[in-house]
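If you want the building blocks of each chain, they are given just below.
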Amino acid sequence: MKVRKSLKSLKQKPGAQVIRRHGKTFVINKKTPRYKVRQG
């Protein structure tokens, strides 16, 4: 899982879900798991 400053480009990928946990923002993509990232 990568840590990124900006998640804007990854939110627009097909299959992306934006989730907030413990003050951190995650993007989880089940279709293409390499787009799994964290912010914060």
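None of the values given here were measured: they were computed from a predicted structure.

Draft legend 1. Structural detail: unusual backbone geometry. Positioned with a positive phi, His 22 is a non-glycine residue whose angle comes to about 55°. By the secondary structure assignment, His 22 is in the loop between β2 (16-21) and β3 (24-29).

Draft legend 2. Spotlight on the sheet that holds β2. Here we have four strands laid out as an open sheet, ordered β1-β4-β3-β2, and mixed in their pairing. A single partner strand is all that each edge strand has here, and the edge strands are β1 (2-3) and β2. With six bridges joining them, β2 and β3 adopt antiparallel strand pairing. Note on β3: the bridge partner recorded for Gln 17 is Ile 28.

Draft legend 3. Representation of the nonpolar core in the model. Judged by nonpolar contacts, Leu 7, Leu 10, Val 27, Tyr 35 and Val 37 together constitute the single largest core of five residues. Discounting chain neighbours no more than four positions away, the residues touching Tyr 35 are Leu 10, Lys 13, Val 27 and Asn 29.

Draft legend 4. The arrangement of the side chain of Asn 29 in detail. By the element assignment, Asn 29 lies in strand β3. Among the polar contacts listed, one links the side chain of Asn 29 to the backbone oxygen of Pro 14, at a separation of 3.3 Å. For Asn 29, the side chain forms a polar contact with the main-chain nitrogen of Lys 31, separated by 3.2 Å. Ignoring anything within four residues of it in the chain, the contact list for Asn 29 reads Lys 13, Pro 14, Gly 15, Ala 16 and Tyr 35.

Draft legend 5. Looking closely at the packing of aromatic side chains. As enumerated under the stated definition, the model contains zero aromatic pairs in all. We note Arg 21 situated over the ring of Phe 26; from NZ or CZ to the ring centre the distance is 5.6 Å.

About the criteria used
Residues numbered from 1 in each chain as written. Predicted model: local features only at pLDDT ≥ 70, side-chain atom pairs only at ≥ 80, totals over all residues. Heavy atoms only, no water. Helix = DSSP H or I, 4+ residues; strand = E, 2+ residues; numbered from the N terminus. Pairing = 2+ DSSP bridges. Core = buried A, V, L, I, M, F, W, Y, C linked by side-chain atoms within 4.5 Å. Buried < 20%, exposed > 50% of the residue type's maximum accessible area, 1.4 Å probe, protein only. Contact = heavy atoms within 4.5 Å. Polar contact = N/O pair within 3.5 Å; in protein donor to acceptor, adjacent residues only side chain to side chain. Phe/Tyr/Trp six-rings, centres within 6.5 Å; stacked < 30°, edge-to-face > 60°. Lys NZ or Arg CZ within 6 Å of the ring centre and 35° of its normal.

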